[in-house]
Amino acid sequence: DRAVFHPAPHSRPRAGRRLRIGAVGRLVHQKGFDVLIDALPSVLADHDVEVEIAGQGELRDELVARAAGLPVTFVGLLDEPKRVGDFLRSLDLFVMPSRYEGRPNAAIEAAACGLDIVATDAPGMRAALGSLASVPPDDAGALAHAIVIALRDGVTAPEVDVPDFEQVAQAHLRAFEAALARRRK
């Protein structure tokens, strides 16, 4: 929904303030938030950052314990699309450290908000993000390096094609029509 997921009207100045890295997703093994937390000390050696992770799930307590002493905040569930969009636009960098994905909505929403993105090259991610999905999954060192570079230089990547509701509906319609035509044969 481009009325909800759109770039901020103006860019936020970075100089003199702590940079905000964010992530959105269920707090489960698949999403790799433990890898993001493990990467954070290396990032902190180069940049003054804070990490905010939005979501809930079975690994919350484990992740909170793992992040003890680090500038990590667990913001909980953002239960309305508007809250997710506002959260995304408040970030300097979006990180998607997943081990695998289907079609990663959070990353697509971050791209629609015009964010710089660092993402793993996990199954399903490259189809959604192209070359933005370049970090090996489960590699905290590579993730930290990619974050440091993105915060320093920005992310130079091709524009991510973010479909709107009408485009998604048309794609589904074409898929259903093709399936129906195959069944009739």
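Calculation rules
- Residues numbered from 1 in each chain as written.
- Predicted model: local features only at pLDDT ≥ 70, side-chain atom pairs only at ≥ 80, totals over all residues.
- Heavy atoms only, no water.
- Core = buried A, V, L, I, M, F, W, Y, C linked by side-chain atoms within 4.5 Å.
- Buried < 20%, exposed > 50% of the residue type's maximum accessible area, 1.4 Å probe, protein only.
- Helix = DSSP H or I, 4+ residues; strand = E, 2+ residues; numbered from the N terminus.
- Contact = heavy atoms within 4.5 Å.
- Polar contact = N/O pair within 3.5 Å; in protein donor to acceptor, adjacent residues only side chain to side chain.
- Axes fitted to C-alpha atoms, helices over the stretch in contact; angles between N-to-C directions.
- Parallel < 35°, antiparallel > 145°, perpendicular 65-115°, else oblique.
- Left-handed = near helix turned anticlockwise from the far one by under 90°.
- Nonpolar A, V, L, I, M, F, W, Y, C, P; charged D, E, K, R; others polar.

### A look at the nonpolar core
Ranked by internal contacts, the top residues of the largest apolar core, which has 30 residues, are Ile-21, Val-43, Ile-53, Val-118, Leu-143 and Ile-147. Those elements giving two or more residues to this core turn out to be strand 1 (19-24), helix 1 (33-44), strand 2 (49-54), strand 3 (72-76), strand 4 (93-96) and helix 6 (140-153). Not counting the four nearest positions on each side in its chain, Ile-53 is found in contact with Ala-23, Leu-27, Phe-33, Leu-36, Val-72, Thr-73, Phe-74, Val-75 and Gly-76. Of all hydrophobic cores here, the second largest spans 26 residues; its members include Phe-5, Val-84, Ala-110 and Ala-111.

### Side note on the side chain of Arg-20
Take Arg-20: it is sitting in strand 1. A distance of 2.7 Å separates a polar atom in the side chain of Arg-20 from a polar atom in the side chain of Glu-52.

### With respect to the packing of helix 1 against helix 6
Any two packed helices are characterised by the angle at which their axes cross and by the distance between the axes. Two elements in contact, helix 1 and helix 6, have axes separated by 8 Å at closest approach and are oriented at 55°. Looking at the two axes, helix 1 sits oblique to helix 6. The two elements helix 1 and helix 6 meet at a crossing, and its hand is right-handed. From helix 1, Val-35, Leu-36, Asp-38, Ala-39, Ser-42 and Val-43 reach across to helix 6, where they touch Ala-140, Leu-143, Ala-144, Ile-147, Val-148 and Leu-151. Per-class residue counts for the contact of helix 1 with helix 6 are ten nonpolar, one polar and one charged.

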